[in-house]
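Coordinate inspection notes
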Amino acid sequence: MNIIHFRPADIERTSMRIIGEELARMGKQIKKENEAVVKRVIHTTADFDYADNLHFSRAAVALCVEKLRRGIDIITDSNMALSGVSKTAAQHLGCTTHCYMAHPDIIKKAKEDNTTRATAAMQYATEAHFDAGFAVGNAPTALFVLAERIEAGFLPAFVVAAPVGFVNVVEAKEKIVSVCEAFHIPVIAAMGRKGGSTVAAAIVNALLYTAADMLDPGARGWN
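If you're wondering where the values come from, they're calculated on a predicted model, not measured in any experiment.

Here's the deal with helix H4 (residues 60-68)
Along H4, the positions that sit buried rather than exposed are Ala60, Val61, Cys64, Val65, Lys67 and Leu68. An end-on view of H4 places all buried positions within 160° of arc, on one side of the element.

Structural data, given as structure tokens:
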């Protein structure tokens, strides 16, 4: 077998072209404003189901990009999602990234309250960060906490909802979408059972790259 070597930037450009061609062959019509997010998630997962199950609230991408250009904080529910978020793009925009799941105080608080670390971490994050963007790719309980805090008056910059699994996942996504749309908070969600930390990070990266004019890998210093 002959292995053809491409430069990293060329691999990404070629992958995105292939994704676009396959979407067209499948008859999938993605709104232009959502295209970067949908393609980035498919690029990350090689799963074309995301062309159908990604939900965008009204003008979600434009509103998220506007917020990111202000240099907001970005909170994730797992260190895996945190590690997947582009630090290059975040720093370019003046955004900072945080995850509190492994913080000793959060671990202690979760044990004292007999709750999950995701619950304790999100409760802390909504108290410590005003107008932050939240990306959840692992714990549906994090979405339930966010929904409760929003109903109590907390207004995040945006919510990315993409936990994966079989227990409370579908319900948590439906809840956060309903609450966010009721309070006019931009939300992007991978509906159904599919998702994961890599999907949450991919959505955030698509938003960051759009905000920082880095959709082309060359703008990120790749060659």
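Picking up after the structure, the text goes on.
Regarding the packing of aromatic side chains
Evaluated as defined, the whole model comprises 2 aromatic pairs. Here tyrosine 100 and tyrosine 124 contribute two aromatic rings whose centre-to-centre distance is 4.9 Å and whose plane-to-plane angle is 75°, an arrangement assigned as edge-to-face. Of this pair, tyrosine 100 sits in the loop between strand S3 (96-98) and helix H7 (104-113) while tyrosine 124 sits in helix H8 (residues 117-128), and the two are 24 residues apart along the sequence. Overall, tyrosine 124 belongs to the partly exposed group, its relative accessible area being 38%. Note on phenylalanine 134 and phenylalanine 154: the rings are 5.8 Å apart at their centroids and 85° apart in plane angle, and the pair reads as edge-to-face. With phenylalanine 134 in strand S4 (residues 133-136) and phenylalanine 154 in the loop between helix H9 (140-151) and strand S5 (158-161), this pair connects stretches of sequence that are 20 residues apart. Residue phenylalanine 134 shares its accessibility class with phenylalanine 154, and that shared class is buried. Seen from the ring of tyrosine 209, arginine 220 lies directly overhead, with NZ or CZ sitting 3.9 Å from the centre. One cation-aromatic arrangement involves arginine 220 over tryptophan 222; the distance from NZ or CZ to the ring centre is 5.4 Å.

Let's talk about the sheet that holds S5
Here 6 strands make up an open sheet; going across it, the order is S1-S6-S5-S4-S2-S3 and the pairing mixed. Only two strands of the sheet have a single partner each, and these edge strands are strand S1 (54-56) and S3. The sheet shows a mean angle of 15° between the axes of neighbouring strands, taken without regard to direction. As defined by bridge partners, S5 adjoins strand S6 (residues 187-190) across 3 bridges and the pair is classed as parallel. Bridge assignment links alanine 161 to a residue of S6, and that residue is alanine 189. Contacts from H4 reach S1, strand S2 (73-76), S5 and S6, with the element oriented near 120° to S6. Across the sheet, H9 lies against S4 and S5, angled at about 150° from S4, the strand it touches most.

A short note on the packing of H9 against helix H10 (residues 169-182)
Where H9 contacts H10, the two axes come as close as 9 Å, and the packing angle between them is 25°. When the axes of H9 and H10 are compared, the pair comes out roughly parallel. The interaxial crossing formed by H9 with H10 has left-handed handedness. Contacts from Pro140, Leu143, Phe144, Leu146, Ala147, Ile150 and Glu151 of H9 reach H10 at Val169, Glu171, Ala172, Lys173, Lys175, Ile176, Val179 and Cys180. Class assignment of the residues belonging to the contact of H9 with H10 gives a composition of 11 nonpolar, no polar and 4 charged.

Re the pattern of salt bridges
This structure, assessed with the given rule, holds 15 salt bridges. Within this structure, Arg7, Asp10, Arg13 and Asp216 form a network of salt bridges that share partners.

What to know about the side chain of arginine 220
Inspection of the secondary structure puts arginine 220 in the segment after helix H11 (197-211). Given a relative accessible area of 10%, arginine 220 falls into the buried group. Within polar-contact distance, the side chain of arginine 220 engages the backbone oxygen of methionine 214 at 2.8 Å. Those residues in contact with arginine 220, other than ones at most four positions away along the chain, are Glu12, Arg40, Tyr209, Met214 and Leu215.

Basis of the calculations
- Residues numbered from 1 in each chain as written.
- Predicted model: local features only at pLDDT ≥ 70, side-chain atom pairs only at ≥ 80, totals over all residues.
- Heavy atoms only, no water.
- Buried < 20%, exposed > 50% of the residue type's maximum accessible area, 1.4 Å probe, protein only.
- Helix = DSSP H or I, 4+ residues; strand = E, 2+ residues; numbered from the N terminus.
- Arc of directions from axis to C-beta.
- Phe/Tyr/Trp six-rings, centres within 6.5 Å; stacked < 30°, edge-to-face > 60°.
- Lys NZ or Arg CZ within 6 Å of the ring centre and 35° of its normal.
- Pairing = 2+ DSSP bridges.
- Axes fitted to C-alpha atoms, helices over the stretch in contact; angles between N-to-C directions.
- Contact = heavy atoms within 4.5 Å.
- Parallel < 35°, antiparallel > 145°, perpendicular 65-115°, else oblique.
- Left-handed = near helix turned anticlockwise from the far one by under 90°.
- Nonpolar A, V, L, I, M, F, W, Y, C, P; charged D, E, K, R; others polar.
- Salt bridge = Lys/Arg side-chain N within 4 Å of Asp/Glu carboxyl O.
- Polar contact = N/O pair within 3.5 Å; in protein donor to acceptor, adjacent residues only side chain to side chain.

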